[in-house]
Amino acid sequence: MKIGLTYDLRDDYLAAGFTQEETAEFDRLETIEALEEAIGILGHQTDRIGHLKALVNRLARGDRWDLVFNIAEGQYGFGREAQAPAILEAYQIPCTFSDSLALAVTLHKGLTKRIVRDMGIATPDFIVVEDLLDLAGCNLSFPVFVKPVAEGTSKGINCMSQVNSPGELAAACEGLLARYRQPAIVETFLPGREYTAGILGTGRDARVIGAMEVILREDAEGGAYSYEHKERYEELVEYRLITGDLADRVRDISLAIWRGLGCRDAGRVDLREDEGGNLNFLEINPLPGLHPHHSDLPIICSLLGIAYGKLIADIVASAVKRCPLAAANPAYMESIK
């Protein structure tokens, strides 16, 4: 098949004057090269498309693909991760990962938590703060945790995210509202252990391939798996696979959330324990980072002995089931099982 690649290249935005943090969710060149190599080994032809505007220009020129491997994060708005899939949907071109609806909903942490809570799954009590007047209705017990409502890669999370008084909360929210130009989400702080589960597949075919505990080392700033920790994970973070009953509980909750939100192909679910050891939903990432060495999903695969190429092959195999060309070829469908 001819597989296009949509992505936001970090170097392009840095060269245009964006900061390291502003480009934190964008991909490095080595990620694109690794994807091309893995997809090429599967026997497919790849075509670098690039960011959203490049995709629009290519479609206007008449270019088409059998499948698009989409990792474009987008730049602006709550629907930024949904923009490339939405355009591809309009042209009836299948793409990897979740559709525009799931990506738009799950980027907004408040909306996601409301849906997960309605599913009967525990999540910390929270409020969404659009301006400081919203804090007047906050009846959460301290400490609380504050972060932007629609950022990834732990942007906006640092040692000041856990706050212990109304004054600290107002200051933290004021800073986030000004810096990220979006609401903040304030939730009850959970003091327990934190886990992330790696998921492959769609619907009934979805499965948790493994889950790991995120452990901050002694010289890491306490209380939060922050942007700084993710950037310097080799020295500040330890990742440890979980097993037994704990792994089973993480699997069951993560799969229920994944299926309930309609996510596809691959991603992660983040959970954390409360003071009683009960698992609570934190966040979901249906458009996971795919750097072979630095991203959480490939790290889980590495801990399990799953090669990067196998991960990409499984993602493509899941997406191909939605591809009319491949679905019409029984021999190909049999070969990817």
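The coordinates are above.
Reference entry: report on the structure contained in this document. The residue count restarts for each chain, going from 1 along the sequence in the order it is written. Reporting in this predicted model follows two pLDDT cut-offs: at least 70 for local features of residues, and 80 or more for side-chain atom pairs to be given and counted; totals over whole chains, interfaces and linings ignore these cut-offs and use all residues. Excluded from the side-chain calculation are hydrogens and water; included are all heavy atoms of the structure.

Since the α-helix advances by 3.6 residues per turn, residues separated by three or four positions end up pointing in the same direction. Within helix H3 (residues 52-60), burial applies to Ala54, Leu55, Arg58 and Leu59. For H3, the angular spread of the buried residues around the axis is 135 degrees, confining them to a single face. Exposed residues on H3 whose side chains face more than 90 degrees from its buried face are Lys53, Asn57 and Ala60. Against strand E1 (2-6), strand E2 (45-50) and helix H4 (83-90) lie the buried residues of H3. The cut-offs for exposure are 20% and 50% of the maximum accessible area for each residue type, with area from a 1.4 Å probe on protein chains only; residues under the lower value are buried, those over the upper are exposed, and the others partly exposed. Helix and strand assignments follow DSSP, with helices taken as H or I runs no shorter than four residues and strands as E runs no shorter than two, numbered in order from the N terminus. Note: the arc covers the axis-to-C-beta directions of the helix. In this analysis, two residues are considered to be in contact whenever any of their non-hydrogen atoms come within 4.5 Å of each other.

The contact between helix H5 (residues 100-107) and helix H6 (residues 109-118) brings their axes to 5 Å, and the two run at 105 degrees. For the element pair H5 / H6, the angle class is roughly perpendicular. In this structure, H5 contributes Val105, Thr106 and Leu107 to the contact, and H6 contributes Lys109, Leu111, Thr112 and Ile115. Partitioning the contact of H5 with H6 into residue classes produces 4 nonpolar, 2 polar and 1 charged. All axes are obtained by fitting lines to C-alpha atoms, using only the stretch in contact for helices, and the reported angles, taken between N-to-C directions, cover 0 to 180 degrees. Should an angle fall under 35 degrees it is taken as roughly parallel, and over 145 as roughly antiparallel, whereas 65 to 115 is taken as roughly perpendicular and any remaining angle as oblique. Polar here means any residue outside two lists: the nonpolar Ala, Val, Leu, Ile, Met, Phe, Trp, Tyr, Cys and Pro, and the charged Asp, Glu, Lys and Arg; Gly therefore counts as polar.

Should DSSP find at least two bridges between two strands, the strands are regarded as paired. Taken in spatial order, the 5 strands of this open sheet run E10-E9-E8-E11-E12, and their pairing is antiparallel. Both edges of this open sheet fall to strand E10 (237-241) and strand E12 (279-285), since each of them pairs with a single strand only. The sheet shows a mean angle of 30 degrees between the axes of neighbouring strands, taken without regard to direction. Looking at chain direction, strand E8 (residues 194-200) and strand E9 (residues 207-216) are connected through 7 bridges and run antiparallel. Looking across to E9, one finds that leucine 200 is bridged to arginine 207.

This part takes up unusual backbone geometry. Cis rather than trans, the peptide bond between phenylalanine 142 and proline 143 has omega equal to 0 degrees. Inspection of the secondary structure assignment puts proline 143 in the loop between strand E4 (126-129) and strand E5 (144-148). Of note, phenylalanine 97 is a non-glycine position whose phi angle comes to about 70 degrees, a positive value. With respect to the helices and strands, phenylalanine 97 occurs in the loop between H4 and H5. Residue classification places phenylalanine 97 among the buried residues on the basis of a relative accessible area of 0%.

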